[in-house]
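Close look at the chain arrangement
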Amino acid sequence: MNYQWDWEAAREALPLLLEGFKTTVLATVLGTLVAAVLGLALAIGARAPSRLVTFPLKAALEFVRSTPLLVQLVGAYAVFTTVSPLTIGVVVLGIHYSAYLAEVYRAGIDAVPKGQWEAARALSLSPALTWRDVVLPQAVRTVLPALGNYAIAMFKETPFLAVITVSEMVAQAREYGADHFAYPEAFTLAGLVFLLASYPTSLALRKLEQRLGH
């Protein structure tokens, strides 16, 4: 049996997919912001001199890294029943990826030459000023490409949000396919939208990485 592509169904599905795409982008942007800020805080906190701080932080990071994103989403959705699904999705995405970004930040911080720390101490800079004006500008510059790559990875994992009833793009594709028996058209278009959004971004990040490497 040969399947006949239905252009009319594709034309009807596209506006719905683009509406869902807005939710996909919103979840990605907000989730990336949460991950970037929280990941930095975790990376700095893991350098604390006290094991009372570092031990629970490292244990929490290992827990998040070792459990699937899908399980984390469903668990949070079951516990926080009064919170909107999109908010839960954004927070869980942010926490999940912050565990990985913390390691990226750690590598960036460790890459700052020791002479920079010693110079800051010689100038009697406070720890806060040392981090803000000396360490972080250099560390963040080196990890920007990696941050971008994780943002793309998060973007491609937003379909998991459909499990907690968030109407992102793939959820819209599945709903349209079920209502009109046009799964191939709906999911093919969703895949093309993901490709058109993520591939140029990955190329731009590659160029940024090359520029920062010089």
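What you see is a predicted model, and the numbers here were worked out from it, not measured in a lab. (Residues numbered from 1 in each chain as written. Predicted model: local features only at pLDDT ≥ 70, side-chain atom pairs only at ≥ 80, totals over all residues. Heavy atoms only, no water.)

Digging into the nonpolar core
With 28 residues, the main nonpolar core has Tyr105, Ile109 and Leu161 as its most contacted residues. Among the secondary structure elements, those contributing two or more residues to this core are helix H1 (7-45), helix H3 (69-79), helix H4 (85-110) and helix H6 (127-157). In terms of residue count, H4 provides more of this core than any other element does, nine residues in total. Apart from residues no more than four positions distant in its own chain, Tyr105 is found in contact with Ala36, Gly39, Leu40, Ala43, Val140, Val143 and Leu147. Ranked by size, the runner-up nonpolar core spans 16 residues in total, among them Ala9, Ala13, Ala186 and Phe194. (Core = buried A, V, L, I, M, F, W, Y, C linked by side-chain atoms within 4.5 Å. Buried < 20%, exposed > 50% of the residue type's maximum accessible area, 1.4 Å probe, protein only. Helix = DSSP H or I, 4+ residues; strand = E, 2+ residues; numbered from the N terminus. Contact = heavy atoms within 4.5 Å.)

A short note on the packing of aromatic side chains
Counting across every chain of the model gives eight aromatic pairs. Between Tyr100 and Tyr150, the aromatic rings sit 6.1 Å apart at their centres with planes inclined by 25°, giving stacked as the arrangement. One end of the pair, Tyr100, is in helix H4; the other, Tyr150, is in helix H6, and 50 residues separate them in sequence. Classification of Tyr150 as partly exposed rests on a relative accessible area of 27%. (Phe/Tyr/Trp six-rings, centres within 6.5 Å; stacked < 30°, edge-to-face > 60°.)

Concerning unusual backbone geometry
A positive phi angle, near 70°, is found at Thr165, a position not held by glycine. Taking relative accessible area as the criterion, Thr165 reaches 49% and is therefore assigned partly exposed.

A few points about the pattern of salt bridges
Here the idea is simple: oppositely charged side chains can pair when their charged atoms come close. This structure, assessed with the given rule, holds eight salt bridges. One salt bridge connects Asp110 with Arg47, and the closest N-O pair in it is separated by 2.8 Å. Highlighted residues: Asp110 in helix H4 and Arg47 in the loop between H1 and helix H2 (51-66), separated in sequence by 63 residues. Note on Asp110: relative accessible area 42%, which makes it partly exposed. Two residues, Arg65 and Glu103, come together in a salt bridge whose shortest N-O distance is 4.0 Å. Here Glu103 lies in helix H4 and Arg65 lies in helix H2, a separation of 38 residues in the sequence. Given a relative accessible area of 23%, Arg65 falls into the partly exposed group. Here the salt bridges do not stand alone but share partners, grouping Arg47, Glu62, Arg65, Glu103, Arg106 and Asp110 into one network. (Salt bridge = Lys/Arg side-chain N within 4 Å of Asp/Glu carboxyl O.)

Here we look at the packing of H4 against H6
Where H4 contacts H6, the two axes come as close as 8 Å, and the packing angle between them is 140°. The angle between H4 and H6 falls in the class oblique. The hand of the H4/H6 crossing is right-handed. On H6, the residues that touch Leu93, Tyr97, Tyr100, Leu101, Val104, Tyr105, Gly108 and Ile109 of H4 are Trp131, Val135, Ala139, Val140, Thr142, Val143, Ala146, Leu147, Tyr150, Ala153, Met154 and Glu157. (Axes fitted to C-alpha atoms, helices over the stretch in contact; angles between N-to-C directions. Parallel < 35°, antiparallel > 145°, perpendicular 65-115°, else oblique. Left-handed = near helix turned anticlockwise from the far one by under 90°.)

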